[in-house]
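Each chain, written out:
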Amino acid sequence: MRELKRFDLLAGVALLVISAIWGSTFFIIKDLVQTMPPLDFLGIRFLLAGILVALFSARRLRKMNMDVWRRGIVLGLMYSLAQVFQTIGLQYTHASVSGFISSLYVVLTPLVVFCLFRTKIPAVTWFAISLAGVGLGILSLRGVSAGAGEALTLVGSLFYALHIALLGHWAPKGNQLELTEIQFITLGIVCTLVALPGGITLPAGTTQWMQMLYMVFFAGLFALGVQTMAQARLSATTTALILTSEPFFAAAFAIGFGGESLTSRLLIGGVLVITAVISSEVRLPVSKRLKTIE
(Lines give C-alpha, C1' and ligand atoms only; values in the text may rest on other atoms or scores of the structure.)
Protein backbone atom coordinates (compact mmCIF):
# COMPACT_ATOMS: atom_id res chain seq x y z
CA MET A 1 0.00 0.00 0.00
CA ARG A 2 1.34 3.37 -0.99
CA GLU A 3 1.48 6.13 1.60
CA LEU A 4 -0.39 9.34 0.97
CA LYS A 5 2.09 11.84 -0.38
CA ARG A 6 2.12 15.58 0.03
CA PHE A 7 1.78 16.13 -3.71
CA ASP A 8 -1.38 14.00 -3.82
CA LEU A 9 -2.95 16.26 -1.20
CA LEU A 10 -1.77 19.31 -3.13
CA ALA A 11 -3.42 17.92 -6.26
CA GLY A 12 -6.72 17.61 -4.42
CA VAL A 13 -6.44 21.13 -3.02
CA ALA A 14 -5.55 22.42 -6.50
CA LEU A 15 -8.74 20.89 -7.90
CA LEU A 16 -10.75 22.57 -5.15
CA VAL A 17 -9.17 25.90 -6.13
CA ILE A 18 -10.12 25.58 -9.79
CA SER A 19 -13.57 24.36 -8.75
CA ALA A 20 -13.91 27.64 -6.83
CA ILE A 21 -12.72 29.59 -9.88
CA TRP A 22 -15.25 27.85 -12.12
CA GLY A 23 -17.93 28.48 -9.51
CA SER A 24 -17.13 32.19 -9.68
CA THR A 25 -17.82 32.30 -13.43
CA PHE A 26 -21.58 31.71 -13.48
CA PHE A 27 -22.65 35.30 -12.85
CA ILE A 28 -19.85 36.53 -15.14
CA ILE A 29 -20.99 34.36 -18.04
CA LYS A 30 -24.61 35.34 -17.39
CA ASP A 31 -23.63 39.00 -17.81
CA LEU A 32 -21.56 38.42 -20.95
CA VAL A 33 -24.20 36.42 -22.82
CA GLN A 34 -26.74 39.20 -22.27
CA THR A 35 -25.02 41.23 -24.99
CA MET A 36 -23.25 38.59 -27.10
CA PRO A 37 -24.41 35.19 -28.38
CA PRO A 38 -23.16 32.26 -26.22
CA LEU A 39 -21.25 30.67 -29.09
CA ASP A 40 -19.51 33.98 -29.82
CA PHE A 41 -18.49 34.12 -26.16
CA LEU A 42 -16.95 30.64 -26.45
CA GLY A 43 -15.26 31.47 -29.74
CA ILE A 44 -13.56 34.63 -28.45
CA ARG A 45 -12.67 33.08 -25.08
CA PHE A 46 -10.90 30.05 -26.49
CA LEU A 47 -9.51 31.74 -29.61
CA LEU A 48 -7.61 34.20 -27.38
CA ALA A 49 -6.38 31.36 -25.19
CA GLY A 50 -5.35 29.28 -28.19
CA ILE A 51 -3.44 32.17 -29.79
CA LEU A 52 -1.55 32.89 -26.56
CA VAL A 53 -0.59 29.23 -26.19
CA ALA A 54 0.49 28.96 -29.82
CA LEU A 55 2.68 32.07 -29.56
CA PHE A 56 4.58 30.89 -26.49
CA SER A 57 4.78 27.17 -27.15
CA ALA A 58 5.00 26.73 -30.94
CA ARG A 59 8.68 25.75 -30.95
CA ARG A 60 8.25 23.12 -28.22
CA LEU A 61 5.03 21.71 -29.66
CA ARG A 62 6.64 21.19 -33.06
CA LYS A 63 8.96 18.67 -31.38
CA MET A 64 6.15 16.66 -29.79
CA ASN A 65 5.43 13.21 -31.20
CA MET A 66 2.11 12.39 -32.83
CA ASP A 67 0.81 10.42 -29.84
CA VAL A 68 0.90 13.54 -27.64
CA TRP A 69 -0.76 15.59 -30.38
CA ARG A 70 -3.44 12.94 -30.90
CA ARG A 71 -4.26 12.82 -27.18
CA GLY A 72 -4.33 16.60 -26.86
CA ILE A 73 -6.58 17.01 -29.90
CA VAL A 74 -9.03 14.36 -28.67
CA LEU A 75 -9.14 15.97 -25.21
CA GLY A 76 -9.62 19.42 -26.73
CA LEU A 77 -12.42 18.12 -28.96
CA MET A 78 -14.21 16.50 -25.99
CA TYR A 79 -13.97 19.71 -23.96
CA SER A 80 -15.07 21.82 -26.94
CA LEU A 81 -18.18 19.71 -27.48
CA ALA A 82 -18.98 19.83 -23.76
CA GLN A 83 -18.76 23.62 -23.77
CA VAL A 84 -20.81 24.00 -26.96
CA PHE A 85 -23.66 21.67 -25.92
CA GLN A 86 -23.79 23.17 -22.42
CA THR A 87 -23.85 26.74 -23.73
CA ILE A 88 -26.50 26.08 -26.39
CA GLY A 89 -28.59 24.16 -23.86
CA LEU A 90 -28.46 27.12 -21.48
CA GLN A 91 -30.42 29.15 -24.03
CA TYR A 92 -33.42 26.83 -23.65
CA THR A 93 -33.50 26.06 -19.94
CA HIS A 94 -33.03 27.76 -16.59
CA ALA A 95 -29.50 28.25 -15.28
CA SER A 96 -30.28 26.27 -12.12
CA VAL A 97 -31.50 23.27 -14.12
CA SER A 98 -28.51 23.56 -16.46
CA GLY A 99 -26.14 23.63 -13.50
CA PHE A 100 -27.56 20.42 -12.07
CA ILE A 101 -27.59 18.52 -15.37
CA SER A 102 -24.06 19.69 -16.22
CA SER A 103 -22.85 18.44 -12.85
CA LEU A 104 -24.14 14.96 -13.61
CA TYR A 105 -20.67 14.25 -14.98
CA VAL A 106 -19.90 13.12 -11.42
CA VAL A 107 -22.30 10.21 -11.99
CA LEU A 108 -21.34 9.64 -15.62
CA THR A 109 -17.54 9.67 -15.13
CA PRO A 110 -17.28 6.34 -13.23
CA LEU A 111 -19.57 4.74 -15.81
CA VAL A 112 -17.42 6.06 -18.66
CA VAL A 113 -14.23 4.92 -16.89
CA PHE A 114 -15.73 1.45 -16.41
CA CYS A 115 -16.85 1.22 -20.06
CA LEU A 116 -13.53 2.42 -21.47
CA PHE A 117 -11.03 0.83 -19.08
CA ARG A 118 -13.00 -1.76 -17.04
CA THR A 119 -11.92 -0.05 -13.83
CA LYS A 120 -13.79 -1.32 -10.77
CA ILE A 121 -15.75 1.33 -8.89
CA PRO A 122 -15.77 0.79 -5.07
CA ALA A 123 -19.14 0.75 -3.31
CA VAL A 124 -18.22 3.76 -1.16
CA THR A 125 -17.58 5.75 -4.34
CA TRP A 126 -21.08 4.94 -5.57
CA PHE A 127 -22.42 6.11 -2.20
CA ALA A 128 -20.48 9.38 -2.55
CA ILE A 129 -21.72 9.82 -6.11
CA SER A 130 -25.33 9.31 -5.03
CA LEU A 131 -24.93 11.73 -2.15
CA ALA A 132 -23.34 14.31 -4.46
CA GLY A 133 -26.19 13.90 -6.93
CA VAL A 134 -28.79 14.58 -4.23
CA GLY A 135 -26.81 17.60 -3.03
CA LEU A 136 -26.49 18.98 -6.53
CA GLY A 137 -30.21 18.56 -7.07
CA ILE A 138 -31.03 20.48 -3.89
CA LEU A 139 -28.56 23.21 -4.84
CA SER A 140 -29.68 23.66 -8.41
CA LEU A 141 -33.21 22.47 -9.09
CA ARG A 142 -36.28 24.60 -8.41
CA GLY A 143 -38.55 22.49 -10.53
CA VAL A 144 -38.50 19.62 -12.98
CA SER A 145 -38.66 20.15 -16.71
CA ALA A 146 -37.65 18.22 -19.78
CA GLY A 147 -37.00 19.48 -23.26
CA ALA A 148 -34.37 20.38 -25.85
CA GLY A 149 -32.32 22.47 -23.42
CA GLU A 150 -32.13 19.67 -20.86
CA ALA A 151 -31.23 17.08 -23.53
CA LEU A 152 -28.46 19.26 -24.99
CA THR A 153 -27.04 19.96 -21.53
CA LEU A 154 -27.02 16.25 -20.70
CA VAL A 155 -25.01 15.57 -23.87
CA GLY A 156 -22.56 18.25 -22.74
CA SER A 157 -22.28 16.55 -19.35
CA LEU A 158 -21.42 13.27 -21.06
CA PHE A 159 -18.61 14.97 -22.98
CA TYR A 160 -17.28 16.43 -19.68
CA ALA A 161 -17.24 12.90 -18.28
CA LEU A 162 -15.39 11.62 -21.36
CA HIS A 163 -12.85 14.45 -21.01
CA ILE A 164 -12.19 13.68 -17.33
CA ALA A 165 -11.94 9.92 -17.98
CA LEU A 166 -9.50 10.27 -20.89
CA LEU A 167 -7.46 12.95 -19.12
CA GLY A 168 -7.14 10.69 -16.08
CA HIS A 169 -5.88 7.91 -18.34
CA TRP A 170 -3.40 9.97 -20.38
CA ALA A 171 -2.12 12.66 -17.99
CA PRO A 172 -0.07 10.23 -15.82
CA LYS A 173 1.87 9.20 -18.95
CA GLY A 174 3.67 12.56 -18.99
CA ASN A 175 3.71 15.71 -21.17
CA GLN A 176 1.00 17.36 -19.04
CA LEU A 177 2.03 20.87 -20.11
CA GLU A 178 1.97 19.95 -23.79
CA LEU A 179 -1.42 18.23 -23.40
CA THR A 180 -2.82 21.42 -21.88
CA GLU A 181 -1.41 23.57 -24.67
CA ILE A 182 -2.70 21.33 -27.45
CA GLN A 183 -6.13 21.24 -25.81
CA PHE A 184 -6.33 25.04 -25.90
CA ILE A 185 -5.23 25.25 -29.53
CA THR A 186 -7.93 22.70 -30.40
CA LEU A 187 -10.52 24.56 -28.31
CA GLY A 188 -9.67 27.81 -30.06
CA ILE A 189 -10.07 26.31 -33.53
CA VAL A 190 -13.27 24.34 -32.84
CA CYS A 191 -15.12 27.05 -30.90
CA THR A 192 -14.18 29.73 -33.45
CA LEU A 193 -15.44 27.58 -36.34
CA VAL A 194 -18.72 26.99 -34.51
CA ALA A 195 -19.18 30.73 -33.89
CA LEU A 196 -18.16 31.98 -37.36
CA PRO A 197 -21.29 31.26 -39.50
CA GLY A 198 -23.38 34.05 -37.93
CA GLY A 199 -20.50 36.48 -37.46
CA ILE A 200 -18.84 37.18 -34.11
CA THR A 201 -20.04 39.82 -31.65
CA LEU A 202 -17.32 41.28 -29.40
CA PRO A 203 -17.68 42.10 -25.69
CA ALA A 204 -19.23 45.53 -25.03
CA GLY A 205 -17.07 47.94 -23.06
CA THR A 206 -14.15 47.72 -20.64
CA THR A 207 -16.00 45.76 -17.95
CA GLN A 208 -16.98 42.95 -20.30
CA TRP A 209 -13.47 42.77 -21.75
CA MET A 210 -12.10 42.43 -18.20
CA GLN A 211 -14.62 39.67 -17.57
CA MET A 212 -13.56 37.96 -20.80
CA LEU A 213 -9.87 38.14 -19.84
CA TYR A 214 -10.71 36.59 -16.46
CA MET A 215 -12.42 33.74 -18.32
CA VAL A 216 -9.40 33.35 -20.62
CA PHE A 217 -6.59 33.44 -18.06
CA PHE A 218 -8.01 32.20 -14.75
CA ALA A 219 -11.04 30.08 -15.68
CA GLY A 220 -9.33 28.90 -18.87
CA LEU A 221 -5.55 28.65 -19.15
CA PHE A 222 -4.82 28.37 -15.43
CA ALA A 223 -7.76 26.12 -14.50
CA LEU A 224 -7.42 23.55 -17.30
CA GLY A 225 -3.66 23.47 -16.82
CA VAL A 226 -4.05 22.75 -13.11
CA GLN A 227 -6.64 20.06 -13.83
CA THR A 228 -4.28 18.33 -16.26
CA MET A 229 -1.42 18.38 -13.75
CA ALA A 230 -3.66 17.21 -10.89
CA GLN A 231 -5.03 14.30 -12.86
CA ALA A 232 -1.51 12.94 -13.20
CA ARG A 233 -1.91 12.19 -9.46
CA LEU A 234 -5.63 11.55 -8.96
CA SER A 235 -8.13 9.19 -10.58
CA ALA A 236 -10.87 10.37 -12.91
CA THR A 237 -13.58 9.42 -10.40
CA THR A 238 -11.84 11.29 -7.58
CA THR A 239 -11.46 14.32 -9.84
CA ALA A 240 -15.17 14.28 -10.73
CA LEU A 241 -16.16 14.06 -7.07
CA ILE A 242 -13.92 16.96 -6.01
CA LEU A 243 -15.29 19.09 -8.84
CA THR A 244 -18.84 18.56 -7.55
CA SER A 245 -17.98 21.33 -5.09
CA GLU A 246 -18.35 23.80 -8.00
CA PRO A 247 -22.08 24.51 -7.38
CA PHE A 248 -21.30 25.10 -3.70
CA PHE A 249 -18.74 27.75 -4.64
CA ALA A 250 -21.14 29.16 -7.25
CA ALA A 251 -23.74 29.61 -4.53
CA ALA A 252 -21.18 31.22 -2.22
CA PHE A 253 -20.14 33.73 -4.90
CA ALA A 254 -23.78 34.43 -5.73
CA ILE A 255 -24.43 35.25 -2.06
CA GLY A 256 -21.24 37.27 -1.62
CA PHE A 257 -21.25 39.19 -4.90
CA GLY A 258 -24.53 38.52 -6.68
CA GLY A 259 -26.93 39.73 -4.01
CA GLU A 260 -28.59 36.34 -3.37
CA SER A 261 -29.61 35.20 0.10
CA LEU A 262 -28.45 32.14 2.04
CA THR A 263 -31.36 29.68 2.03
CA SER A 264 -31.89 26.27 3.58
CA ARG A 265 -31.75 24.81 0.07
CA LEU A 266 -28.28 26.22 -0.55
CA LEU A 267 -27.07 25.23 2.91
CA ILE A 268 -28.34 21.63 2.84
CA GLY A 269 -27.26 21.05 -0.76
CA GLY A 270 -23.80 22.47 -0.13
CA VAL A 271 -23.30 20.35 2.99
CA LEU A 272 -24.30 17.17 1.12
CA VAL A 273 -21.88 17.92 -1.74
CA ILE A 274 -18.96 18.58 0.60
CA THR A 275 -19.84 15.46 2.65
CA ALA A 276 -19.76 13.40 -0.54
CA VAL A 277 -16.28 14.68 -1.38
CA ILE A 278 -14.98 14.03 2.15
CA SER A 279 -16.51 10.55 2.34
CA SER A 280 -14.79 9.59 -0.90
CA GLU A 281 -11.43 11.19 -0.14
CA VAL A 282 -10.89 10.50 3.58
CA ARG A 283 -12.68 7.31 4.51
CA LEU A 284 -11.29 5.14 1.73
CA PRO A 285 -7.90 3.42 2.02
CA VAL A 286 -5.26 5.32 0.13
CA SER A 287 -4.66 2.49 -2.29
CA LYS A 288 -8.32 2.68 -3.37
CA ARG A 289 -8.88 6.41 -3.42
CA LEU A 290 -5.81 7.66 -5.26
CA LYS A 291 -4.38 6.73 -8.58
CA THR A 292 -0.76 7.84 -8.41
CA ILE A 293 2.26 7.56 -10.67
CA GLU A 294 4.06 4.30 -10.01
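Residues numbered from 1 in each chain as written. Predicted model: local features only at pLDDT ≥ 70, side-chain atom pairs only at ≥ 80, totals over all residues. Heavy atoms only, no water.

Asks: Any chance you could explain the environment of F56 here in plain terms?
Replies: With respect to the helices and strands, the residue F56 is situated in helix α3 (residues 38-62). For F56, a relative accessible area of 72% puts it in the exposed group. Here the alpha-carbon distance between F56 and E181, two residues 125 residues apart in the chain, equals 9.6 Å. (Helix = DSSP H or I, 4+ residues; strand = E, 2+ residues; numbered from the N terminus. Buried < 20%, exposed > 50% of the residue type's maximum accessible area, 1.4 Å probe, protein only.)

Asks: Would you take a moment to explain unusual backbone geometry for this structure?
Replies: Most peptide bonds take the trans form, and the phi angle of most residues other than glycine is negative. Phi at R118 takes a positive value of approximately 55°, unusual for a residue other than glycine. Turning to its location among the elements, R118 is positioned in the loop between α6 (105-117) and α7 (123-140). At N175, a residue that is not glycine, the phi angle is positive and equals roughly 60°. Relative to the assigned elements, N175 resides in the loop between α8 (148-170) and α9 (176-195). Taking the relative accessible area as the measure of exposure, N175 reaches 32% and is therefore partly exposed.

Asks: Looking at this structure, I do not really get the packing of α6 against α8. What am I missing?
Replies: Angle between the axes and distance between the axes are the two parameters that describe a pair of packed helices. The interhelical angle for the contact between α6 and α8, taken along N-to-C directions, is 50°, at an axis separation of 8 Å. What the angle tells us is that α6 and α8 run oblique. Read as a crossing pair, α6 and α8 show a hand that is right-handed. For the pair α6 and α8, the contacting residues are Y105, L108, T109, V112, V113, L116 and F117 in the first and S157, L158, Y160, A161, L162, I164, A165, L166 and H169 in the second. Its residues placed into classes, the contact of α6 with α8 shows 13 nonpolar, three polar and no charged. (Axes fitted to C-alpha atoms, helices over the stretch in contact; angles between N-to-C directions. Parallel < 35°, antiparallel > 145°, perpendicular 65-115°, else oblique. Left-handed = near helix turned anticlockwise from the far one by under 90°. Contact = heavy atoms within 4.5 Å. Nonpolar A, V, L, I, M, F, W, Y, C, P; charged D, E, K, R; others polar.)

Asks: Even after reading the chapter, I still don't get α6, so can you show me in this structure?
Replies: For an α-helix the count is 3.6 residues per turn, leaving residues at separations of three or four pointing the same way. Spanning 13 residues, α6 covers 17 Å between terminal C-alpha atoms, matching the ideal 18 Å at 1.5 Å per step. Within the sequence span of α6, burial applies to Y105, V106, L108, T109, P110, V112 and V113. Downstream of α6 by one or two residues, R118 has phi in the positive range, about 55°. (Expected span 1.5 Å × (residues − 1).)

Asks: Just to check I follow, could you spell out the packing of α9 against helix α10 (residues 205-230) for this structure?
Replies: One way to put it is that α9 packs onto α10 with a least axis distance of 9 Å and a crossing angle of 135°. Taken as axis vectors, α9 and α10 run oblique relative to one another. Where α9 crosses over α10, the handedness of that crossing is right-handed. Facing Q176, L177, L179, T180, Q183, F184 and L187 of α9, the residues of α10 in contact are G220, L221, L224, G225, T228 and M229.

Asks: Please clarify how the pattern of salt bridges should be interpreted in this entry.
Replies: Between side chains of opposite charge, a pair can form as their charged atoms come close. The full count for this structure, using the stated rule, is three salt bridges. Salt-bridge contacts for R70 lead to D67; the nearest nitrogen and oxygen are separated by 3.9 Å. You can see R70 and its partner D67 sitting in helix α4 (residues 66-90), three residues apart, about one turn around the helix. Linked by salt bridges that have partners in common, R60, E178 and E181 make up one network. (Salt bridge = Lys/Arg side-chain N within 4 Å of Asp/Glu carboxyl O.)

Asks: Just to check I follow, could you spell out the side chain of D40 for this structure?
Replies: Within the fold, D40 resides in helix α3. Polar contacts involving the side chain of D40 include one to the main-chain amide nitrogen of T201, which spans 2.8 Å. (Polar contact = N/O pair within 3.5 Å; in protein donor to acceptor, adjacent residues only side chain to side chain.)

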